[in-house]
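Here is how the chains run, residue by residue.
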Amino acid sequence: MIALFSLILTICLYWGAKWCYKRKPKVYLSPLLTVPVLVVGGLFLTHTSYEAYDAGAHWLSRMLEPATIAFAVPLYKYFNILKKHAAEIILSVLSGSVTAIISSMAMAKMLHLNTEIVDSLIPRSVTTPIAMGVSESIGGVPAITAVFVIMTGLLGSVIGPMIIQLLRIENDIARGVLLGTAAHGAGTSKAFEFGSVTGTISSLSMIMAALITLFLTPWILPIMLIFF
Amino acid sequence: MVMFLKSIVQIILLCAFSLGMNQLVNWLDLPIPGSILGMFILFILLQTKIIRLEWIELGANWLLAELLLFFIPAAVGIIKYKNVLIDDGLYVTLVIVLSTAVVMACTGLTAKKIAERKEQRHLS
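Residues numbered from 1 in each chain as written. Chains lettered and ligands numbered in written order. Predicted model: local features only at pLDDT ≥ 70, side-chain atom pairs only at ≥ 80, totals over all residues. Heavy atoms only, no water.

As recorded in an unreviewed UniProt entry, chain B goes by Holin and comes from Pseudobacillus wudalianchiensis. Quoted verbatim from the Subcellular location (unreviewed entry) heading of the UniProt record, the comment on chain B is "Cell membrane". (UniProt positions renumbered as here; feature names shortened; annotations may be inferred.)

Named according to an unreviewed UniProt entry, chain A is CidB/LrgB family autolysis modulator originating from Pseudobacillus wudalianchiensis. Recorded under Subcellular location (unreviewed entry), the UniProt text for chain A is reproduced unchanged: "Membrane".

Below is the structure:
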């Protein structure tokens, strides 16, 4: 009963939040911020556990898998643009992903966060399913990583446009690569607000960043551990 | 109405495809998630015209447009770890903000540099 109610409530709140965001596209009205805040508030007030909520809501999380597969469609439609810009996309995603792994770990270690948190932070910049997998394989806590991934997405969609303005990045390709590499799906959502080319480049960058992080993290970590 | 029904059928097809891919990854014991493998396979099927774009485009666009909805339960999961956030929340946020800014600057500038160099070569 609670399960079904949680599912329907989340969808309705999301619709409402999306409607508000369309009228007033401010960061603090992003559905990814407003809906979780309302749901968390609701759970506290009604003394409902997260497990009871997630029994229904996890069906939404499961939809991330077909949604990831759906990225094949823009990939197919814009394949010519991608081929034309393959060099800058591959090289920049590679540099960005390596920077993400190294900087997350170095900063977290410098602030003396405990090892579990550090390991959970390392894959935070890539899409949830991959980030959770990497987190588990290096000794982090996948569920905590999921939260860090969301925080990265949310903060990234705020910082992204600021960086774009600050560094005067006017090129559609560069904008897309920047948002997709650093802020996965949420960044890609933002990138589609810039235009469909930027959005598509961002989706591709997000996928490449996920693959690079998946394969490079086990190689980079031992080298990093020499310094920390 | 027809569009709506079409979208629903296409989403169901994509979900079924996704389940099949998870099975395949399990069965072959591959180190990547089923969704990533599925994306590559679907892309190849589209390229080779085995699957036509019209069969899945509406459903795929709908899934992509509502992407944020699917992240919400994980974001609510934050309440399970409120101790982590109370103890380390400030530092964690600091790491995420600074690191994300550095990653963005690095990625964006690399792409910009390469694009500019390419343009120059075209002009000369």
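And the narrative resumes.
It is worth spelling out the domain arrangement of chain B at this point. The domain boundaries assigned to chain B delineate domain 1 (1-65) and domain 2 (75-124). For domain 1 of chain B versus domain 2 of chain B, the separation of C-alpha centres amounts to 29 Å. (Domains from an automatic or database assignment.)

To continue, consider the interface of chain B and chain A. Taken together, the contacts link 72 residues of chain B with 92 residues of chain A. Summing both sides of the interface, chain B and chain A together bury roughly 7400 Å²; the carbon and sulfur share of this comes to 81%. At the junction of chain B and chain A, the tally comes to three salt bridges. Where E66 of chain B meets K18 of chain A, a salt bridge forms, and the shortest distance between an N and an O atom there is 2.9 Å. Across the chain B-chain A interface, the total number found is 15 residue pairs in polar contact (both at pLDDT 80 or more). For the side of chain B that touches chain A, the secondary-structure elements that each account for two or more residues are helix 1 (2-28), helix 2 (34-47), helix 3 (53-65), helix 4 (67-76) and helix 5 (82-123) of chain B. Considering each element in turn, the side of chain B that touches chain A owes the most residues, 28 residues, to helix 5 of chain B. (Contact = heavy atoms within 4.5 Å. Buried area = accessible area lost by both parts, 1.4 Å probe. Salt bridge = Lys/Arg side-chain N within 4 Å of Asp/Glu carboxyl O. Polar contact = N/O pair within 3.5 Å; in protein donor to acceptor, adjacent residues only side chain to side chain. Helix = DSSP H or I, 4+ residues; strand = E, 2+ residues; numbered from the N terminus.)

Residues and elements named next belong to chain A. Within the UniProt annotation, "transmembrane region" (unreviewed entry) is assigned to residues 28-47, 59-79, 85-108, 141-164 and 204-227. Taken end to end, residues 28-47 has its terminal C-alpha atoms 26 Å apart, with 75% of it in helix and 0% in strand. Spanning residues 141-164, this segment combines 96% helix with 0% strand, and its end C-alpha atoms are found 32 Å apart.

When the terminal C-alpha atoms of helix 7 (residues 86-110) of chain A are compared, their 36 Å separation across 25 residues agrees well with the 36 Å that a helix rising 1.5 Å per residue should span. Just past helix 7 of chain A, the residue H112 of chain A takes up positive phi, approximately 55°. (Expected span 1.5 Å × (residues − 1).)

On to the domain arrangement of chain A. Where interface size is given, it is often the accessible area lost as the parts come together that is meant. Residues and elements named next belong to chain A. Taken domain by domain, chain A comprises domain 1 (2-62) and domain 2 (72-227). Summarising the inter-unit geometry, the C-alpha centres of domain 1 and domain 2 are found 25 Å apart. Listed as interface residues are five residues of domain 1 and, on the opposing side, six residues of domain 2. When the area that domain 1 buries against domain 2 is broken down by residue, the three leading residues are Y21, V27 and L32, summing to 82%. Counting across the domain 1 and domain 2 interface gives zero salt bridges. Taken together, the connections running from domain 1 to domain 2 amount to one residue pair in polar contact (both at pLDDT 80 or more). Among the residues making up the side of domain 1 that touches domain 2, the classes are represented as four nonpolar, one polar and no charged. (Nonpolar A, V, L, I, M, F, W, Y, C, P; charged D, E, K, R; others polar.)

Below, the discussion takes up the packing of helix 1 (residues 2-23) of chain A against helix 4 of chain B. Between helix 1 of chain A and helix 4 of chain B, whose axes approach to 11 Å, the crossing angle comes to 130°. Classified by the interaxial angle, the pair formed by helix 1 of chain A and helix 4 of chain B is oblique. For helix 1 of chain A against helix 4 of chain B, the interelement crossing comes out right-handed. Between helix 1 of chain A and helix 4 of chain B, the residues in contact are T10, I11 and Y14 of chain A and L68, L69 and I72 of chain B, respectively. For the contact of helix 1 of chain A with helix 4 of chain B, the class distribution of residues is five nonpolar, one polar and no charged. (Axes fitted to C-alpha atoms, helices over the stretch in contact; angles between N-to-C directions. Parallel < 35°, antiparallel > 145°, perpendicular 65-115°, else oblique. Left-handed = near helix turned anticlockwise from the far one by under 90°.)

Moving on, we come to helix 2 (residues 31-45) of chain A. Given 3.6 residues per turn, any residue in an α-helix points the same way as the ones three and four places further on. The terminal C-alpha atoms of helix 2 of chain A lie 21 Å apart, and with 15 residues this matches the ideal 21 Å at 1.5 Å per residue to within 8%. Of the residues making up helix 2 of chain A, those classed as buried are P31, L32, T34, V35, P36, V39, V40 and L43 of chain A. Contacts made by the buried residues of helix 2 of chain A are with helix 1, helix 3 (50-62), helix 10 (142-166) and helix 11 (172-194) of chain A together with helix 4 of chain B. Directly beyond the C-terminal end of helix 2 of chain A, a positive phi value near 50° is found at H47 of chain A. (Buried < 20%, exposed > 50% of the residue type's maximum accessible area, 1.4 Å probe, protein only.)

Now for the confidence of the model for chain A. Per-residue pLDDT for chain A has a mean of 92; in total, 100% of the residues score no lower than 70. Within chain A, helix 9 (residues 128-138) of chain A has the poorest average pLDDT of any element, 86, and helix 7 of chain A the best, 95. (pLDDT = per-residue confidence, 0-100.)

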